[in-house]
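Next come the chains, spelled out residue by residue.
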Amino acid sequence: MPQRILVKVVPRASRNELLPQPDGSYVARVTAPPVEGEANRAVIRLLAEHFGVAPSRVRLVSGTTHRQKVFEIG
């Protein structure tokens, strides 16, 4: 069953990193700008690497143009 996680995205950061939060959500800092989905694609790559799955197994469920996003891993 796919797992849904809440991710707060910080675009144009100095480096790419995924930071787990105490409430089970994540903060994703990515160097990509929030233009034409670049930051979203960078977050998908970070999540795929973190969870050990292919990027095609990570799907953006909601929040395409917002900083708070819901991703499905599975």
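Criteria and thresholds
Residues numbered from 1 in each chain as written. Predicted model: local features only at pLDDT ≥ 70, side-chain atom pairs only at ≥ 80, totals over all residues. Heavy atoms only, no water. Phe/Tyr/Trp six-rings, centres within 6.5 Å; stacked < 30°, edge-to-face > 60°. Helix = DSSP H or I, 4+ residues; strand = E, 2+ residues; numbered from the N terminus. Buried < 20%, exposed > 50% of the residue type's maximum accessible area, 1.4 Å probe, protein only. 1 Å grid on protein atoms, 1.4 Å probe; cavity = no way out; pocket = protein on both sides within 12 Å on 5 of 7 lines; lining within 4 Å. Points joined across faces, edges and corners; volume = space filled by probe spheres on them. Nonpolar A, V, L, I, M, F, W, Y, C, P; charged D, E, K, R; others polar. Core = buried A, V, L, I, M, F, W, Y, C linked by side-chain atoms within 4.5 Å. Contact = heavy atoms within 4.5 Å. Pairing = 2+ DSSP bridges. Axes fitted to C-alpha atoms, helices over the stretch in contact; angles between N-to-C directions.

(A) The arrangement of the packing of aromatic side chains in detail. Here the structure, examined in full by the defined rule, presents 1 aromatic pair. On the numbers, 5.9 Å between centres and 75 degrees between planes, the contact of tyrosine 26 with phenylalanine 51 is edge-to-face. Placement of the pair is tyrosine 26 in strand 3 (residues 26–29) and phenylalanine 51 in helix 1 (residues 38–51), with a sequence separation of 25 residues. We classify phenylalanine 51 as partly exposed; its relative accessible area is 24%.

(B) How the structure looks around the layout of surface pockets. Size it by volume and the largest pocket reaches roughly 190 Å³. Every residue lining the largest pocket is counted, 15 residues in all, and those nearest its centre are Pro34, Asn40, Thr64, Thr65 and Lys69. Broken down by element, the lining of the largest pocket gets its largest block of residues, 3 residues, from helix 1. A per-class count over the lining of the largest pocket returns 6 nonpolar, 5 polar and 4 charged.

(C) Looking closely at the nonpolar core. Counting residues in each nonpolar core, the largest one holds 18 residues, and the members touching the most others are Ile5, Val7, Val30, Val43, Leu47, Val58 and Phe71. Elements that contribute at least two residues to this core include exactly strand 1 (3–10), strand 3, helix 1 and strand 5 (68–73). At 7 residues, the largest contribution of residues to this core is made by helix 1. When sequence neighbours within four positions are dropped, the list of residues in contact with isoleucine 5 reads Tyr26, Leu47, Phe51, Lys69, Val70, Phe71 and Ile73.

(D) Spotlight on the sheet that holds strand 5. Strand order across the open sheet formed by 5 strands is 2-3-1-5-4, with mixed pairing between neighbours. Where the open sheet ends on each side, the last strands, each with one partner, are strand 2 (17–20) and strand 4 (58–62). Within the sheet, the average angular offset between the axes of one strand and its neighbour, ignoring direction, is 35 degrees. Judged from the 4 bridges that link them, strand 2 and strand 3 form a sheet pairing that is antiparallel. Looking at strand 3, one finds that proline 20 is bridged to tyrosine 26.

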